[in-house]
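# Structural overview for review
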Amino acid sequence: MTVHLEVAEGVGTLRLDRPPMNALDTATQDRLKELAEEATARADVRAVVLYGGEKVFAAGADIKEMQAMDHAAMVLRARALQDSFTAVARIPKPVVAAVTGYALGGGCELALCADYRIAADNAKLGQPEILLGLIPGAGGTQRLARLIGPSRAKDLIFTGRQVKAAEALNLGLVDRVVPAAEVYEQAHAWAARLARGPAIALRAAKEAVDTGLETDLDTGLAVERNWFAGLFATEDRERGMRSFVEEGPGKAKFI
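Analysis parameters
- Residues numbered from 1 in each chain as written.
- Predicted model: local features only at pLDDT ≥ 70, side-chain atom pairs only at ≥ 80, totals over all residues.
- Heavy atoms only, no water.
- 1 Å grid on protein atoms, 1.4 Å probe; cavity = no way out; pocket = protein on both sides within 12 Å on 5 of 7 lines; lining within 4 Å.
- Points joined across faces, edges and corners; volume = space filled by probe spheres on them.
- Helix = DSSP H or I, 4+ residues; strand = E, 2+ residues; numbered from the N terminus.
- Nonpolar A, V, L, I, M, F, W, Y, C, P; charged D, E, K, R; others polar.
- Buried < 20%, exposed > 50% of the residue type's maximum accessible area, 1.4 Å probe, protein only.
- Pairing = 2+ DSSP bridges.
- Right-handed = clockwise from strand over helix to strand, strands pointing away.
- Axes fitted to C-alpha atoms, helices over the stretch in contact; angles between N-to-C directions.
- Left-handed = near helix turned anticlockwise from the far one by under 90°.
- Contact = heavy atoms within 4.5 Å.

## So, the layout of surface pockets
- Estimated volume of the largest pocket: approximately 1000 Å³.
- Along the walls of the largest pocket sit 31 residues, with Ala89, Cys113, Arg143, Asp210 and Glu214 positioned nearest its centre.
- Looking at the lining of the largest pocket, the elements that each hand over two or more residues are α3 (71-89), α5 (140-148) and α9 (199-213).
- Sort the elements by how many residues they give to the lining of the largest pocket and α9 lands first, with nine residues.
- In the lining of the largest pocket, the residues fall into 14 nonpolar, five polar and twelve charged.
- Estimates place the volume of the second largest pocket at around 630 Å³.
- Along the walls of the second largest pocket sit 31 residues, with Ala61, Ile63, Met66, Glu129 and Leu134 positioned nearest its centre.
- Those elements that provide at least two residues to the lining of the second largest pocket are α2 (63-67), α3 and α4 (106-112).
- Among the elements that take part in the lining of the second largest pocket, α3 stands out by supplying five residues, more than any other.
- Tallied by class, residues from the lining of the second largest pocket come to 20 nonpolar, seven polar and four charged.

## Some details on the pairing of strand β2 (residues 11-16)
- Burial of β2 is extensive: five of the six residues sit out of reach of the surface.
- Two strands pair when backbone bridges link them, and strand β1 (residues 3-8) and β2 are joined in this way by six bridges, in the antiparallel orientation. If you follow His4 over to β2, its bridge partner there is Arg15.
- Following the chain from β2 across helix α1 (residues 26-41) to the adjacent parallel strand β3 (residues 47-51), one finds a crossover that is right-handed.

## Some points on the packing of α1 against α3
- Packing of α1 against α3 leaves a shortest axis separation of 8 Å and a crossing angle of 35°. In the packing of α1 onto α3, the handedness of the crossing is left-handed. In contact with Thr26, Gln29, Asp30, Leu32, Lys33, Ala36 and Glu37 of α1, α3 contributes Arg77, Leu81, Asp83, Ser84, Ala87 and Val88.

The following block contains the structure:
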């Protein structure tokens, strides 16, 4: 299998395993979708880490496989390609990308599907599809612009250039840069901390933010309002407020 789901202490690690560069061929895309849906459904998975291993996150699509496709073949495949990444983006739990080495093309687009990105100090990210006479096709033109703004996104997409970790941090493309040896450890720690949090409230927060970015302010506020009121029906809300009153902030143990 080219993607694995490993679960420990509430954290599910979605690990790409297609050496040497974790090229995202159609089989890998389909497997990624399958395991993202499994991570969504499993109650023992409360947060997720996206990881490609110590050397590389994912260097992009399988160019040799794509070269053999004509227009008709890609018309049939393009939706499945996007759907595999959307399945990751829609995991209703906190998702962090642990980016090592290259995250290019589809690899960068996969990292964009996470809620938070921790990169190695030697990481390189980019959308080089233009150099092939193409544009990003797995969400890059949409998620990148929403994350770092249209002008910065167009610069990366128009030029196809790679950015090093420090520039990626400055652009807002990644959220933290750490030594390469610490990437997975820190990503797992981020996920593990949230895995101990109130699962329904975290789901609500993610849905409210993501929906709000895709719609107008009034609709976003309505989503927030409905989730906010709905959370008053949860035991976690009761536990959290009781703990705050009796013990002070940050000591609640959620179920």
